[in-house]
Every structure is written in structure tokens, then in C-alpha cells.
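Report on the structure
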Amino acid sequence: MPIQFPQEAGLRDARRVIIRPFTPHDADALHGFFCSLPEATKRSAWDRIEAREIVDSWIEDMDHEKAVSLLALDGTSIIADATLHYRRYGPLRRVGRLKWLIGPEWYGVGVGVALITNFIQMARENGLRRLTCMLMDKLEDEARATLNKMGFKEYRLPEYGTNPDGEQCDMIKMVLEL
């Protein structure tokens, strides 16, 4: 049965959040969420998330044939954003790539697990064989531990990336076989 949204997710600390797809109407709230994140989080993001034009470009390029974005909300406030990227053609058409950002006050209570669990179900429904995620070693250890508990295997890529200070750093490629 296909996933239905919106849905309510219970967290480990007994709070409940709503998970639903991102829509163009969420642009202001998503940009506000990104701007509210600590500087260290913004610096380690894959995009310049504090720049409003980044959010606007995602809306302009919104294509559910390439990506699905989910939001987690506490009432009307966005507390997390996650995206499953995939291809319809080519050699990586059966591999999905995950990215997400969670507000630090929501770390460790299950928000990431709830979002990724939805993506795992979506990936299976759409014939994907693997989900992957790239993490910076030492900067994203909590995410790494969560993904390990969910069955992802890790592969270290020495000095593959560049940290926010411009230094080479190891990257950890996380892979879940579906």
C-alpha cells in the first residue's frame, strides 16, 4: 500500500510530529528553518541553505521524477527537512541518495528515523535496490550511528571531502541494501 501523507509520528520522548511532503507554499517556512539552524550546521550543509534563492531554485526545479522532499513539523513549525534523490534512467537508476537536516533540539528523539523509514518504504515501492548517504566523518557521527542501527553499512573514503574549514576530511558513504 502506498504511503499516505500527512502522517503523525511518535517520537522516543513522547512528542508527536507531522510528516508530509514539501510544497511551494512551504518556501518561507523552510527558509526560516534553515536560517534558524546553528552556524556550524549551516556551514556543513551541502548547499548555502541560508540563501533564499536556494530554496526558490528547489521550487523551480521541483520534479518528483528526480526527488521527493519531506518535512517534519511540530504544529506549524518545520523541525526537519529530508530529501530522497533518484534517477529514472542510467546505471544509478536503482539507487536513491538521502540528505536531511534536523533542528538540533530534535536530535536523538527519532525524527531522522521517522523520515528515513518513509524513504525506505518509498524506495521499495519504486523498485530501488539501495539507499545511500554521504556523511562527513566526525561532524555527523549521530546520523552515522542512527543509520548503522537502521541497517546501513559504512564505507570510509579517506580525504574524499572538504570540511567547512577547507581541510580535507574523510567521508563515510552509508549504504542500505533493500
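This text gives an overview of the structure that appears in the document. Remember, predicted model here, so these are calculated numbers, not experimental data. (Residues numbered from 1 in each chain as written. Predicted model: local features only at pLDDT ≥ 70, side-chain atom pairs only at ≥ 80, totals over all residues. Heavy atoms only, no water.)

1. Topic: the packing of aromatic side chains
Using the following cut-off: Working definition: rings of Phe, Tyr and Trp (its six-membered ring) pair if their centres are within 6.5 Å, and the pair is stacked with planes under 30 degrees apart, edge-to-face with planes over 60 apart, and tilted otherwise. A simple rule labels every residue: compare its accessible area, found with a 1.4 Å probe on the protein chains alone, to the largest value its type can have, and call it buried under 20%, exposed over 50%, or partly exposed in between. Under the DSSP-based scheme used, a helix requires at least four consecutive residues in state H or I and a strand at least two consecutive residues in state E, with every element numbered from the N terminus.
Taken as a whole, this structure holds 2 aromatic pairs when the rule is applied. Their ring planes at 45 degrees and their centres at 5.7 Å tell us that phenylalanine 33 and phenylalanine 34 sit as a pair that is tilted. For phenylalanine 33, a relative accessible area of 5% gives the class buried. Here phenylalanine 34 falls in the buried class, since its relative accessible area comes to 0%. Ring geometry for phenylalanine 34 against tryptophan 58: centres 5.8 Å apart, planes inclined by 85 degrees, an arrangement best described as edge-to-face. In this pair, phenylalanine 34 sits in helix α1 (residues 27–36) while tryptophan 58 sits in helix α3 (residues 52–60), placing the two residues 24 residues apart along the sequence.

2. Brief notes about the pairing of strand β8 (residues 168–177)
Selection rule: In this analysis, strands are considered paired if DSSP registers two or more bridges between them.
Looking at chain direction, strand β6 (residues 130–136) and β8 are connected through 7 bridges and run antiparallel. Bridge pairing links methionine 134 to lysine 173 in β8. Of the strand pairs in this sheet, strand β7 (residues 153–162) and β8 are connected by 7 bridges, and their pairing is antiparallel. Bridged to leucine 157 within β8 is methionine 171. Hairpin remark: β7 followed by β8, antiparallel, with 5 residues in the connecting loop; positive phi at glycine 166, about 85 degrees.

3. So, the sheet that holds β7
Operational definition: To get an axis, a line is fitted to the C-alpha atoms, and for a helix only the part in contact is used. The angle between two axes follows their N-to-C directions and goes from 0 to 180 degrees. Residues count as neighbours in contact if any of their non-hydrogen atoms are within 4.5 Å of one another.
Sheet architecture is open: 8 strands sit in the order β1-β2-β3-β4-β5-β6-β8-β7, paired in mixed fashion. In the strand order of this sheet, the two ends are held by β1 (7–10) and β7, each with one partner. Averaged over neighbouring strand pairs, the angle between their axes works out to 25 degrees when direction is ignored. Of the strand pairs in this sheet, strand β5 (residues 95–102) and β6 are connected by 3 bridges, and their pairing is parallel. Of the residues in β6, the one forming a bridge with glycine 96 is leucine 131. Relative to strand β3 (residues 67–74), helix α4 (residues 111–125) is tilted by about 150 degrees, and along the sheet it contacts β1, β2 (16–21), β3, β4 (77–85), β5, β6 and β8.

4. Re the state of the cysteines
Test applied: Sulfur atoms of two cysteines make up a disulfide when they are within 2.5 Å.
For the coordinates displayed, the defined rule picks out 0 disulfides. Between cysteine 169, a free cysteine, and cysteine 133, which holds the nearest cysteine sulfur, the sulfur-to-sulfur gap is 14 Å. For cysteine 169, a relative accessible area of 11% translates into the label buried.

5. So, unusual backbone geometry
Note that the residue after phenylalanine 5, namely proline 6, is joined by a cis bond; omega there is 0 degrees. One non-glycine residue, alanine 14, lies in the positive phi region at around 80 degrees. Inspection of the secondary structure assignment puts alanine 14 in the loop between β1 and β2.

6. Considering the packing of α1 against α3
We count it as follows: Any angle between 65 and 115 degrees counts as roughly perpendicular, while under 35 counts as roughly parallel, over 145 as roughly antiparallel, and the rest as oblique. Left-handed describes a crossing whose near helix is turned anticlockwise from the far helix through less than a right angle; right-handed describes the clockwise counterpart.
Direction vectors running N to C along α1 and α3 enclose 140 degrees, while the axes themselves pass 10 Å from each other. Relative to α3, the element α1 lies oblique. As for the relative orientation of α1 and α3, their crossing is right-handed in sense. Where α1 abuts α3, its residues Ala27, Asp28, Leu30, His31 and Phe34 lie against Arg52, Val55, Trp58 and Ile59.

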